[in-house]
Amino acid sequence: RTLLLSGKVANLRGADGVQDLQLTLSADPETVGPMPALKELLFTGFCTTLDGWPEMAALETLVIRFSCGYGEKRDIPHGFSLAGLRAPALTKLDLAGCALDDLRDLGPQVTQIVCRKDVHLRSLRGLESATAMTRLDLASGGGVHGLQDVEVVRALPNLVELILPTGGAADQSRLESL
């Protein structure tokens, strides 16, 4: 089952059998009920955190696609935090139009991270535990900015595909040192 919700959703409950949830929100939900069958979660619109969300035991794919930012030119991506994410089956993280401090709380089972247009990722901290990681794409759309702690990718035993950004001399030189 697929559920599409948009606008302000204060209480996200009653989605027990939903496998695919697509949210276009104007604010973070105040309460979120259990979603034991949820396999794919897509955020567009606005959401800042998964803190306070229940464990999503079946979640395999998390997609965050904020299409436009804020500021005068609408080019500042929305801040988002993975803090509090509890998704032991999560294997894929797909990001666009968001700013993340780090990748903590992903877990060891994540195999793929794709950063699309306008992802501001400050640190790769949190990837140390992603021992199943096989693909890390930091170049899609050329929008990863301000990257720190890139040396953590050296410790990923199963990484077979590392795609680096082509822009930003400081970020590029840090990544090339790997």
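Please read all numbers here as calculations on a predicted model, not as lab measurements.

Let's shift gears to the overall build of the protein chain. Each helix and strand counted, the protein chain has one helix and 14 strands in total. Out of the 178 residues belonging to the protein chain, those deemed buried represent 43%. Of all intrachain contacts in the protein chain linking residues separated by at least 6 positions in sequence, the fraction that spans at least 24 positions is 35%. Accessible area for the protein chain stands at about 8300 Å²; split by element, carbon and sulfur atoms hold 49% of it.

A few words now on the packing of aromatic side chains. Each pair of aromatic rings is reported with the distance of its centres and the angle of its planes. Across all of its chains, the model carries two aromatic pairs by this definition. Their ring planes at 75° and their centres at 5.7 Å tell us that F43 and W53 sit as a pair that is edge-to-face. With F43 in strand 5 (residues 40-45) and W53 in the loop between strand 5 and strand 6 (61-65), this residue pair connects regions lying ten residues apart in the sequence. A residue is classified by how much of its surface remains accessible, and F43, at 0% relative accessible area, is buried. Its relative accessible area of 4% is what places W53 among the buried residues. Geometrically, the ring pair formed by F43 and F80 is tilted, given 5.9 Å between the ring centres and 55° between the ring planes.

Here is what the cut-offs are and how they apply
- Residues numbered from 1 in each chain as written.
- Predicted model: local features only at pLDDT ≥ 70, side-chain atom pairs only at ≥ 80, totals over all residues.
- Heavy atoms only, no water.
- Helix = DSSP H or I, 4+ residues; strand = E, 2+ residues; numbered from the N terminus.
- Buried < 20%, exposed > 50% of the residue type's maximum accessible area, 1.4 Å probe, protein only.
- Contact = heavy atoms within 4.5 Å.
- Areas by Shrake-Rupley, 256 points an atom, 1.4 Å probe, with all protein chains shown as cover.
- Phe/Tyr/Trp six-rings, centres within 6.5 Å; stacked < 30°, edge-to-face > 60°.

Interpretation note: all reported values are geometric properties and have no functional meaning in isolation.
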